[in-house]
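Reading the structure
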Amino acid sequence: MSLIKQIISGDRRALAQALTLVENDYQNSQNMLAEVYTHTGHAHIIGVTGIPGAGKSTLLNALVKLMRKCEDTLGLLAVDPSSQFSKGAILGDRIRMRDLLGDKGVFIRSMATRGELGGLSSSTAGAVDVLDAAGFDRVIVETVGVGQAEVDIASNAHTSIVVLCPGVGDSVQAAKSGILEIADIIVVNKSDYPKVNVTKSYLREMLDIGSAVQVGLSETQNMTCDPHLVHGTSGAGNNSWQVPIITTVATSGEGVSELFDHLLAHYDHITSTGEITVRRQNRLRAIFESRLRKQLYTKFSQMLSEDYFLRQLELMMVRETDPYTAATECMNNFEINYIGDED
Ligand SMILES: Nc1nc2c(ncn2[C@@H]2O[C@H](COP(=O)(O)OP(=O)(O)OP(=O)(O)O)[C@@H](O)[C@H]2O)c(=O)[nH]1
Ligand SMILES: [Mg+2]
């Protein structure tokens, strides 16, 4: 039986094998991913991001337990964009999600992808596709941190959850990174700590400012709002999604059912408004672009001789050229034909 057929028939070893291939071998996973793609498009893809240590894994443990009561099946990916996973981190994730281990309706996987151009978003997207093809109702991607990579991954989800903690500093950090802009649901976890209401009102203010700016922009430019840029409103056309700010205590499960309700409501919202089509297209665009970037760079590197490269470096050292001119000259010598329909 082919690997894909095994995955679809629920073989967990085949699934793990496929994910390892996606994670480690860009080239050889290509054909498999192409076949996997024909079986995708059913799962609700949920991105969970936020500041490190906010309680994302603990929250997901509680949320997934609740989802399992509704018989949802779930694929979970924990991704660290900035560093190689240490064994400790993986172990930590396992401990925090220990209640889920052994449940056949849940599959958990940690992923490490470091440094590769376009590698992270591309391999994460590939892994999501594999889990989608495996038939999970929801695929949840947890990323650590609030940098650009997290924004990229989160904006590839149908529903993005941003997890913060009480303390305005964290929210400022999140706002600066742009992560609030892609949030469909904001969670203030650890609400057993003080100053929850201060954090909530600060976040509400940030969201309101964001929507006001966006509405202003769209009015002046006479264009439809880009749903991924708008705080507080989302959706195709003029329908709106009010970004809820939910307080939770992941360790006790408080607020988790409210979070689940909002997740379901958001999915209903994007499905009924057609927004999900926009998000699916954005996701495909991101995967397509990331594969192009990666392959273009690989091809270019193959066309650039090592000797020539080193000679340019020497010339830079004696100031006969500079990195700026040298890079442009290399590109000028790299022939690419125009791809597209001729007018
Ligand atoms: N007091 C309190 N502690 C919590 C809560 N949620 C999680 N924690 C604790 O916070 C610590 C970090 O929790 P994790 O679930 O690992 O957080 P995370 O956001 O997944 O962490 P990274 O993946 O490393 O970014 C653990 O010790 C949890 O037990 C909460 O609601 N209240
Ligand atoms: Mg975690």
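Computed from a predicted model, the values in this text were never measured in an experiment.

**Quick look at the coordination of the magnesium ion (ligand 2)**
Distances from the magnesium ion (ligand 2) to its protein donors, namely Ser-57 (OG) and Glu-142 (OE), fall within the range 2.1 to 2.2 Å. Taken together, the positions of Ser-57 in helix H4 (residues 56-69) and Glu-142 in strand S4 (residues 138-143) put the pair 85 residues apart, joining distant regions of the chain. You'll find Ser-57 and Glu-142 in the same group, each marked buried.

**Some words on the side chain of Asp-132**
Note that Asp-132 resides in helix H6 (residues 119-133). No salt bridge is formed by the buried Asp-132; its nearest oppositely charged neighbour, Arg-283, is found at 6.0 Å. At 3.2 Å, the side chain of Asp-132 forms a polar contact with the backbone nitrogen of Ala-43. Every residue in contact with Asp-132, bar those within four places of it in the chain, is listed here: His-39, Thr-40, Gly-41, His-42, Ala-43 and Val-139.

**Considering helix H10 (residues 256-273)**
Given a rise of 1.5 Å per residue, 18 residues ought to cover 26 Å, and the 26 Å separating the end C-alpha atoms of H10 matches this to within 8%. Listed in full, the buried residues belonging to H10 are Val-256, Leu-259, Phe-260, Leu-263, His-266, His-269 and Ile-270. The inward-facing, buried residues of H10 abut strand S1 (44-50), H4, strand S5 (159-164), strand S6 (185-188), strand S7 (245-247) and helix H11 (275-303). At the C-terminal side of H10, Gly-274 shows a positive phi close to 90°.

**Section: the pattern of salt bridges**
What the rule picks out here adds up to six salt bridges. Where Arg-283 meets Asp-129, a salt bridge forms, and the shortest distance between an N and an O atom there is 3.1 Å. Within this pair, whereas Arg-283 is found in helix H11, its partner Asp-129 is found in helix H6, the two being separated by 154 residues in sequence. Per residue, the accessibility class of Arg-283 equals that of Asp-129, and both read buried. Here the salt bridges do not stand alone but share partners, grouping Asp-184, Glu-275 and Arg-279 into one network.

**Here we look at the packing of aromatic side chains**
The tally for this structure, following the rule as stated, stands at two aromatic pairs. When the centroid spacing of 6.5 Å and the interplanar angle of 40° are considered together, the rings of Phe-107 and Phe-136 count as tilted. Of the two residues, Phe-107 sits in strand S3 (residues 106-112) while Phe-136 sits in the loop between H6 and S4, which places them 29 residues apart along the sequence. Plain terms: the ring middles of Phe-300 and Phe-334 are 4.9 Å apart, the flat faces sit at 80° to each other, and that makes the pair edge-to-face. Separated by 34 residues along the polypeptide, Phe-300 in helix H11 and Phe-334 in the segment after helix H13 (323-332) bring together distant segments of the chain. Across from the ring centre of Tyr-26, 4.0 Å away, lies the NZ or CZ of Arg-291, which sits over that ring. The lysine or arginine in question, Lys-294, covers the ring of Tyr-26, its NZ or CZ lying 4.7 Å from the ring centre.

The rules behind these values
- Residues numbered from 1 in each chain as written.
- Chains lettered and ligands numbered in written order.
- Predicted model: local features only at pLDDT ≥ 70, side-chain atom pairs only at ≥ 80, totals over all residues.
- Heavy atoms only, no water.
- Donors = N, O, S within 2.8 Å, 3.2 Å for Na, K, Ca; no water.
- Helix = DSSP H or I, 4+ residues; strand = E, 2+ residues; numbered from the N terminus.
- Buried < 20%, exposed > 50% of the residue type's maximum accessible area, 1.4 Å probe, protein only.
- Lys, Arg positive; Asp, Glu negative; His and termini not counted.
- Salt bridge = Lys/Arg side-chain N within 4 Å of Asp/Glu carboxyl O.
- Polar contact = N/O pair within 3.5 Å; in protein donor to acceptor, adjacent residues only side chain to side chain.
- Contact = heavy atoms within 4.5 Å.
- Expected span 1.5 Å × (residues − 1).
- Phe/Tyr/Trp six-rings, centres within 6.5 Å; stacked < 30°, edge-to-face > 60°.
- Lys NZ or Arg CZ within 6 Å of the ring centre and 35° of its normal.

That is the geometry; function is a separate question.
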